Amino acid sequence: MPQLTIENLKEFKEKISSPLTINQAEFRCMVCAGTGCVSCNSLKVRERLEEELKARGLSERVKVVITGCNGFCAEGPIMVIQPDGTFYRKLTPEDIPLLIEEHLLKGRPVEKLLYTEPTTKKKISAMKEIPFFQHQVLWALRNRGVIDPENIDESIARDGYAGLSKVLSSMTPEEVIQEVKLSGLRGRGGAGFPTGLKWEEGRRYSSFPKYVICNGDEGDPGAFMDRSILEADPHAVLEGMIICGYAIDSHQGYIYVRAEYPLAIHRLRIAIDQARGYGLLGRNILGSGFDFDIDIYPGAGAFVCGESTALMYSLEGRRGMPRIKPPRSTEAGLWGQPTVLNNVETFANVPSIIRNGGAWFASMGTGGSKGTKVFALTGTVYNVGLIEVPMGTTLRKIVFDIGGGIPRKGEFKAIQIGGPSGACLPASLLDTEVDFDSLDEAGAMMGSGGLVVMDDSTCMVDTARFFTDFSVDESCGKCIPCRVGMKVMLNILSRIATGRGTMEDITLLEELGHHIKESSHCGLGKTAPNPVLSTIRYFRQEYEAHIQEKRCPARVCVDLIRFRVDPDRCKMCGLCKKACPVEAITWEKKTPALIDPEKCIRCRSCIQACKFGAID
Amino acid sequence: MTEKEEQLSHILERHRGERNGLIPILLEIQREFGYLPKEAMPRVAESLGIKPVEVWGVATFFNQFRLTPLGRNHIKVCMGTACHLAGGRLVLEALERELNIKVGETSPDGHFSLERVACIGCCMLAPVAVIKDKIYPKMSSFKVEEALIPYRQESKAED
């Protein structure tokens, strides 16, 4: 294994990226092994591909590469064939022989496995021409689907560790901090604290040892940005951390990852071992005399550990409960020592900033928010997946151009941004730009990057109740406004959702929400009422319908809806009766079925069983 | 000493005195036993030189830790935002009915246990349930009974 130094890194990069080594295979089949694709059996596809290639003696000509998340999860399992960049989707192992025969041997794309644009029905073969990818700008995710995350050489061939080499050979720590400040990079974990300022603080205190922590404790339901970065490009995160270590004069870093992310932990372990083997981590990095090492710490799952002081307590083996600041963790963090904690995506942005300069990064985005942001786009939208867009992109562009709009002729109702700390924004705010400050103004929050699109089948009271239930569960219990207040809010919401609410309840929710925001100590409590406050602000009429008319307009809240069989459409087959788990349906041959509303538990089993759409 | 006890001593020995090792130790014990046995707690405390209440405090704080054994067929229902919108709650309720246990419980015969989890990261398949390690995409209350058939047959064969 070569020991890399500042002098020979470039030479090594040229050697491994020369056509002789990297392109010795005619084709590279990039099979996505992100969590989404794996859950649709992408590993079986790979297995079959490897078997078939071997059986046909093609293993030399065609290389199979397992990549991190490609991003277009809705179309998984995904495989991209390089060098031509053909995008194949929804693959099954049975498709493989045809694909080899046609594409790899005869050079013809397999039409039926290509992506179809849902509105024009046009087949698109090149990945870069698919609208989902066209509007994205990849920096934090620049290596996704392009490299094998378990092979450090592929990362180095794409300028991995070039930023570190630049830092160690030609920049002082102050210059590094200056560059990061110039870039305008703000923390991607949610709060958006300027990264350069944090590093400057961390450097200022001269109590040693100091620590660098990478926060990979992604806890939002519906968010998987950090995991995807760790799975697709772990070296970018390691490089960002080492650069931070150099800037603040620290020699030890920790990556805190949720134990629920076994693949991310596995790939990080490999990445750390390989980086150590090359002399990019550990003692005397790149022969510069600078020492820095990184260890992984598996977290045990607690939403509140996204808060930095809570995370540090948890690293020390204690309950993850936030403490009063000051002192800030840059002064007294882990074990009371100066500590800089940044999010996974923040660190992943650092190498590009160093390589291309802070001014380059600052040229993207808006006045107060620079660069790009990664989002997990889910909900009722065609193109569910992981996206990266420049700050300042409008929500409309994300939902309709990248997301492809709302399926099943549904109508856009709201977009939820920022998870349990965020808000539901209505159609009238679709032209809001994603930017820390404009989202704040709209009563939302950037959060870590979950974006959930909702159509007219989503009830806003139910959504608010869902997030409030989550926050009640995850409140650490340290301060009363959050611990008790959120529980009271949940009770009121339940009252409204079951048709027992009063108009005063809306006012009470608003008052409570504001008090909790003002008097809570940490970020969880300060933002937990946001889902309720934003839905009242933008969808008050739905609350009113629940209270005054005892009606759930989206037909979600079980106590306010009744199902009935339309006797004209009923074909008297009796399938609904069989499906009903509580015997609420009476049916005899040659008579339409009847639902007893007293017994019915609104489980919708009969609706799914009915082949004629006769129940609603 | 039984094999399990030996394993426990082994885990504790490896981390003796590492105060910050508490969470990794508990994770390792759980990996070994499938849950955190009550008897293990004072021993963890003793080996780290801390009070048992601190161990309990951590064990009950984090979502990962379980204080009861899981069923042989452990079922997780995703309750992330996308799954919730797509009707994850209906799936969970259908499973509760079918298995005759509440979420968080294990059936008396030890065959099934049911848990709700926040986002497993395959939102395009929502709503999702995971039985053992197999992911069941686009679930509905209607499909629950069918999905359970192979596991029920297996359990029957074991009994």
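Residue positions are counted from 1 within each chain, in the order its sequence is given. Both sets of labels track the order of writing: A upward for chains, 1 upward for ligands. Per-residue local features are limited, in this predicted model, to residues with pLDDT of at least 70; the limit for side-chain atom pairs, both in listing and counting, is 80 or more; totals at the level of whole chains, interfaces and linings are taken over all residues. To obtain the side-chain values, all non-hydrogen atoms of the structure were included, while hydrogens and water were left out.

**Q** For the overall build of chain A, give the residues involved together with the corresponding values.
**A** Only DSSP runs of H or I with at least four residues qualify as helices, and only runs of E with at least two residues qualify as strands; both kinds are numbered from the N terminus onward. Along chain A, the regular secondary structure elements total 26 helices and 17 strands. Relative to a compact globule of 616 residues, whose C-alpha radius of gyration would be 25 Å, chain A shows 27 Å and is just as compact. Dimensions along the principal axes, computed over C-alpha positions, put chain A at roughly 85 × 65 × 40 Å. Accessible area is worked out with a 1.4 Å probe on protein chains only. A residue is then buried under 20% of its type maximum, exposed over 50%, and partly exposed in between. Burial analysis of chain A (616 residues in total) assigns 60% to the buried set. Contacts between residues were defined by any pair of non-hydrogen atoms, one from each residue, lying within 4.5 Å. In chain A, of all internal contacts separated by at least 6 residues, the share reaching a separation of at least 24 is 70%. Residue exposure ignores everything except the shown protein chains as possible cover, and the areas themselves are Shrake-Rupley values with a 1.4 Å probe. Roughly 23,800 Å² of accessible area belongs to chain A as shown, and the carbon and sulfur atoms make up 51% of that amount. Only four residue types enter the charge count, namely Lys and Arg as positive and Asp and Glu as negative; His and the chain termini do not. The atom standing in for a charge is NZ when the residue is Lys, CZ when it is Arg, CG when it is Asp and CD when it is Glu. Computed over 75 positive and 76 negative side-chain charges, the inter-centroid distance for chain A is 4 Å. Note that the radius of gyration is over C-alpha atoms, with the globule rule given as 2.2 Å times the number of residues to the power 0.38.

**Q** Which residues make up the domain arrangement of chain A, and what values go with them?
**A** Domain boundaries assigned for chain A yield domain 1 (19-129), domain 2 (152-362), domain 3 (366-455), domain 4 (460-548) and domain 5 (562-616). On a C-alpha basis, the centroid separation for the pair domain 4 of chain A and domain 5 of chain A is 36 Å. Residue ranges assigned to each domain were obtained from an automatic or database domain assignment.

**Q** Report on the pattern of salt bridges, specifying residues and quantitative values.
**A** All names here are of chain A. Should a side-chain nitrogen of Lys or Arg be within 4 Å of a carboxyl oxygen of Asp or Glu, the pair is scored as a salt bridge. All chains considered together, the criterion is met by 40 salt bridges over all chains. Its salt-bridge partner being R318, residue E316 comes within 3.5 Å of it at the nearest N-O pair. Under the relative-accessibility criterion, E316 is labelled buried at 8%. Its salt-bridge partner being E345, residue K373 comes within 2.7 Å of it at the nearest N-O pair. Taken together, the residues span a long stretch of sequence, with K373 in strand β11 (residues 372-379) and E345 in helix α15 (residues 344-356) at a distance of 28 residues. Each of the two residues, K373 as well as E345, counts as buried. Three or more residues are tied together by salt bridges with common partners; here these are R48, E52, R56 and E101.

**Q** Hey, could you go over the confidence of the model for chain B for me, with residue numbers and the actual values?
**A** On average, chain B scores 91 in pLDDT, and the residues at 70 or more come to 99%. Scored as a complex, the prediction yields pTM 0.92 and ipTM 0.91. Every residue carries a pLDDT, the predictor's confidence in it, which falls somewhere between 0 and 100.

**Q** Give me the sheet that holds strand β2 (residues 62-67) of chain A: which residues, what numbers.
**A** Residues and elements named next belong to chain A. By the convention used here, strands pair only if DSSP detects at least 2 bridges between them. Strand order in the open sheet made by the 4 strands is β2-β1-β3-β4, with mixed pairing throughout. Single-partner strands in this sheet number two, and they are β2 and β4 (86-88). Between one strand and the next, the sheet's axes are offset by a mean angle of 20°, whatever the strand orientation. As paired elements, strand β3 (residues 79-82) and β4 share 3 bridges and run antiparallel to each other. Bridging from a neighbouring strand, V80 pairs with F87 of β4. Strands in contact with helix α5 (residues 96-106) are β1 (27-32), β2, β3 and β4; relative to β3, the strand with the most contacts, it is inclined by about 30°. Here an angle of 0 to 180 degrees is reported between the N-to-C directions of two axes, which are lines fitted to C-alpha atoms, with helices fitted over the stretch in contact.

**Q** Tell me about the pairing of strand β1 (residues 73-78) of chain B, and please be specific about residues and values.
**A** Residue and element names in this part refer to chain B. Extensive coverage of β1 is indicated by the burial of 5 of its 6 residues. Relative to strand β2 (residues 112-117), β1 runs parallel, the two sharing 6 bridges. Bridge assignment links V77 to a residue of β2, and that residue is R116. Relative to strand β3 (residues 129-131), β1 runs antiparallel, the two being bridged by 3 bridges. By the bridge assignment, I75 is partnered in β3 with I131.

**Q** Which residues make up the environment of S520 of chain A, and what are the values?
**A** Residue and element names in this part refer to chain A. Relative to the helices and strands, S520 is located in the loop between α22 (503-519) and α23 (523-527). Separated by 290 residues in the primary sequence, S520 and L230 place their C-alpha atoms 32 Å from one another. Those residues in contact with S520 that lie beyond four places of it in its chain are P481, C482, G525 and K526. Throughout this description, a polar contact denotes any pair of N or O atoms lying within 3.5 Å of each other; where both atoms belong to protein, one of them has to be capable of donating a hydrogen while the other can accept it, and for residues adjacent in sequence the pair is counted only when both atoms sit in side chains. A polar side-chain atom of S520 sits 2.9 Å from the main-chain carbonyl oxygen of I516.

**Q** Give me the state of the cysteines: which residues, what numbers.
**A** Residues and elements named next belong to chain A. In this description, the term disulfide denotes a pair of cysteine sulfurs within 2.5 Å. In total, this model carries 0 disulfides over all chains according to the counting rule given. You can see C479 has no disulfide; the closest cysteine sulfur is in C482, sitting 6.1 Å from it. Overall, the relative accessible area of 23% leaves C479 in the partly exposed class. No disulfide involves C522; its sulfur sits 6.2 Å from the nearest other cysteine sulfur, which is in C476. Its relative accessible area of 10% is what places C522 among the buried residues.

**Q** Just give me the short version of the sheet that holds strand β14 (residues 423-426) of chain A, but keep the residues and values in it.
**A** All names here are of chain A. The sheet built from 5 strands is open, its strands ordered β12-β11-β15-β13-β14 with mixed pairing. Both outer strands of the open sheet, β12 (385-390) and β14, are each paired with one neighbouring strand and no more. In this sheet, neighbouring strand axes are inclined to one another by 30° on average, regardless of whether the strands run parallel or antiparallel. Bridge count for β11 against β12 is 6 bridges, and the pairing is antiparallel. When the bridges of β12 are listed, K373 appears paired with V389. On top of the sheet, helix α19 (residues 460-474) reaches β13 (412-417), β14 and β15 (450-455); it is set at about 15° to β13, its chief contact.

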